[in-house]
Amino acid sequence: MSESKAFPEGFLWGGATAANQCEGAWNLDGKGPSTADVQKFADPKSLKELMDVHGLCDITDEMIDAALVSQDDAAYPKRLGADFYHRYKEDIAYYAEMGFKVYRMSIAWSRIFPNGDEAEPNEAGLAFYDRVFDECAKYGIEPLVTMSHYEPPLEFCRKYNGWYSRESIEFFCRYVDVITKRYAGKVKYWLTFNEVDSILRHPFMTGGLIESRFAADEFEEVLFQAMHHQFVASALATKICHENIPGSKVGCMLTKLTFYPYTCHPADVLAAQQRERATYCYGDVQVFGEYPAYLTAMYKNKGFDIKMTDEDLRVMKAYPVDFVSFSYYSSGCAAGVHHEEAEVTAGNTVQGIKNPYLPSSDWGWQMDPVGLRISLVDLYDRYRKPLFIVENGLGAHDEVGPDGTIDDQYRIDYLAAHLREAYKAIHEDGVELMGYTTWGPIDLISNSTIQMSKRYGFVYVDADDYGHGTYDRIRKKSFYWYKNVIETNGASL
Ligand code: BGP
């Protein structure tokens, strides 16, 4: 690309993290435990095993009790994270050195309201994020803050059944009111729920739902009821944020995979369309402010009786989001008829059928830069709202070489290929893209594997899956590459 082919002026380059995966300090300064703090490390072989082992799905009250009395923090890697809580100054300095314009991060709800339902917030938790935002401001880095990223307070889940309870809306809004008032002068860009659709895949982690407490044949309806509460809460959070911070911008956040029909068999095409809708429905609600017909039809056909008041529907319509953000790592195929040779592929805990034209990462996630362009175009055509890629990256095993350097050329190749497609979407397809934040600019705990060794960073963290190591940081080869990309506003790609 030549100089003239730079990204739009003011493009928000940066990186993205989540409190529960990088902060550590899970029980310091008044923080309460969250769902993340009871997720166990293991080395699962399959996705099913992964979800069971980590209690992403099948966690029970007994497992939570055992986790809470356990002193073995290394068995619960999210408790340690990448020690950002103590090293935020150093980490933000790395971001500044790379030239970040934006830093996407999340506030841990349980640092502010340790149990989720208190009347007053925890001042020490609020003060921590003040320090983080001040540090960003020092370098002119704009924070982009996710209000909820996989970490509802544990007590809120156990006492109220998490997002299944109607009270969840009130507790969440209290939290949002507190943080948006407190950080009004410091944070302009916000996201409500990370991968809002994830409650269906991770009922406990995202929704605070302990599956064993519900009748098996009712659980699906429970999930959609909890989802409805999140939709209402997201609309109200948008309203609160706009009121407390005039001029602020609030986005929704979707898990975006591009789905292709496995063949041109009409049943496969239909299956791919249905897989895509399984993402779009969440955007449709948060952008258009109402349930799409296909979701309402699904509720009816399944006999679900989702409790929603007229006021819920009014609120959802009145306070749509300002922009649409999403994560994109890979794509998959869908089939409506059986294909003998079709193999299943992994990816962001969403499975699809393996695409014979695509390579896969070490974790079996298919790598598909063109799929990013397709998703950008589809999302923009559908919503006509500015888009923001808030997660993209390659989880890989990085090795420190004998000379202490880390050559992660594979990460550079992955990111460069995706950025080139994003560029085409902007310039050839007319997509309005606000920015791009890579996932995990500093190594952190992987969400799907609860391991440190699935690394995404430009900066290496010297820690293993068991919390052993110095936690010292080392710049990888990709660090210098991304610095140059930002410096040239993408023209160097
Ligand atoms: C997204 C989550 C992130 C992050 C990322 C990478 O779904 O929003 O929290 O973890 O995926 O996934 P993983 O860590 O499983 O490799």
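Residues numbered from 1 in each chain as written. Predicted model: local features only at pLDDT ≥ 70, side-chain atom pairs only at ≥ 80, totals over all residues.

In the annotation of an unreviewed UniProt entry, the protein chain is listed under the name Beta-glucosidase and assigned to Collinsella intestinalis. Listed under Sequence similarities (unreviewed entry) in UniProt, the entry text for the protein chain is "Belongs to the glycosyl hydrolase 1 family." (UniProt positions renumbered as here; feature names shortened; annotations may be inferred.)

S.K.: For this particular structure, what's the right way to read the packing of helix H14 (residues 369-383) against helix H15 (residues 409-427)?
M.R.: A packed helix pair is summarised by two numbers, namely the angle formed by the two axes and the spacing between the axes. At a minimum axis separation of 8 Å, H14 and H15 run at an interaxial angle of 30 degrees. Classified by the angle their axes make, H14 and H15 are roughly parallel. You can see that H14 and H15 cross each other, and the crossing is right-handed. Here Pro369, Val370, Leu372, Arg373, Leu376 and Val377 of H14 come into contact with H15, specifically with Ala417, His418, Arg420, Glu421, Ala422, Lys424 and Ala425. In terms of residue class, the contact of H14 with H15 is made up of 8 nonpolar, 1 polar and 4 charged. (Axes fitted to C-alpha atoms, helices over the stretch in contact; angles between N-to-C directions. Helix = DSSP H or I, 4+ residues; strand = E, 2+ residues; numbered from the N terminus. Parallel < 35°, antiparallel > 145°, perpendicular 65-115°, else oblique. Left-handed = near helix turned anticlockwise from the far one by under 90°. Contact = placed C-beta atoms within 7 Å. Nonpolar A, V, L, I, M, F, W, Y, C, P; charged D, E, K, R; others polar.)

S.K.: Looking at this model, I keep getting lost on the nonpolar core. Mind explaining?
M.R.: One broad rule of soluble globular proteins: the nonpolar side chains tend to lie buried together. Membership of the largest hydrophobic core comes to 129 residues, with the highest contact counts inside it found for Ile107, Tyr175, Leu236 and Ala422. Considering every element that reaches this core, the biggest residue donor is helix H10 (residues 219-244), with 12 residues. Leaving out residues up to four positions away in the same chain, Leu236 has contacts with Ile169, Cys173, Val315 and Tyr319. (Core = buried A, V, L, I, M, F, W, Y, C linked by C-beta atoms within 7 Å. Buried ≥ 20, exposed ≤ 12 C-beta atoms within 10 Å, placed from the backbone.)

S.K.: When you look at helix H6 (residues 123-138) in this model, what are you seeing that I'm missing?
M.R.: Every α-helical turn comprises 3.6 residues, leaving residues that sit three or four positions apart pointing alike. With 16 residues, H6 should cover 22 Å at 1.5 Å per step; its first-to-last C-alpha distance of 22 Å lies within 8% of that length. Taken as a whole, H6 has its buried residues at Gly125, Phe128, Tyr129, Val132, Phe133, Glu135 and Cys136. Viewed end-on, H6 has its buried residues packed into an arc of 155 degrees, placing them on one side of the element. Within H6, the exposed residues directed more than 90 degrees away from the buried face are Glu123, Arg131, Asp134 and Lys138. Residue Gly140 follows H6 closely and has a positive phi angle near 70 degrees. (Expected span 1.5 Å × (residues − 1). Arc of directions from axis to C-beta.)

S.K.: It is not clear to me how H15 should be interpreted in this structure. Could you clarify?
M.R.: With 19 residues, H15 extends 27 Å from end C-alpha to end C-alpha; this agrees with the ideal 27 Å at 1.5 Å per step. Within H15, burial applies to Arg411, Tyr414, Leu415, His418, Leu419, Ala422, Tyr423, Ala425 and Ile426. Buried residues along H15 sit in contact with H14, strand S9 (387-391), strand S10 (433-439) and helix H16 (477-487).

S.K.: What exactly am I supposed to notice about the environment of Cys241 here?
M.R.: With respect to the helices, strands and loops of the structure, Cys241 is situated in helix H10. Sequence separation of Cys241 and Tyr291 is 50 residues, and the distance between their C-alpha atoms is 23 Å. Contacts of Cys241, omitting those with residues within four sequence positions, involve Val176, Thr180, Trp190, Ser248 and Val250.

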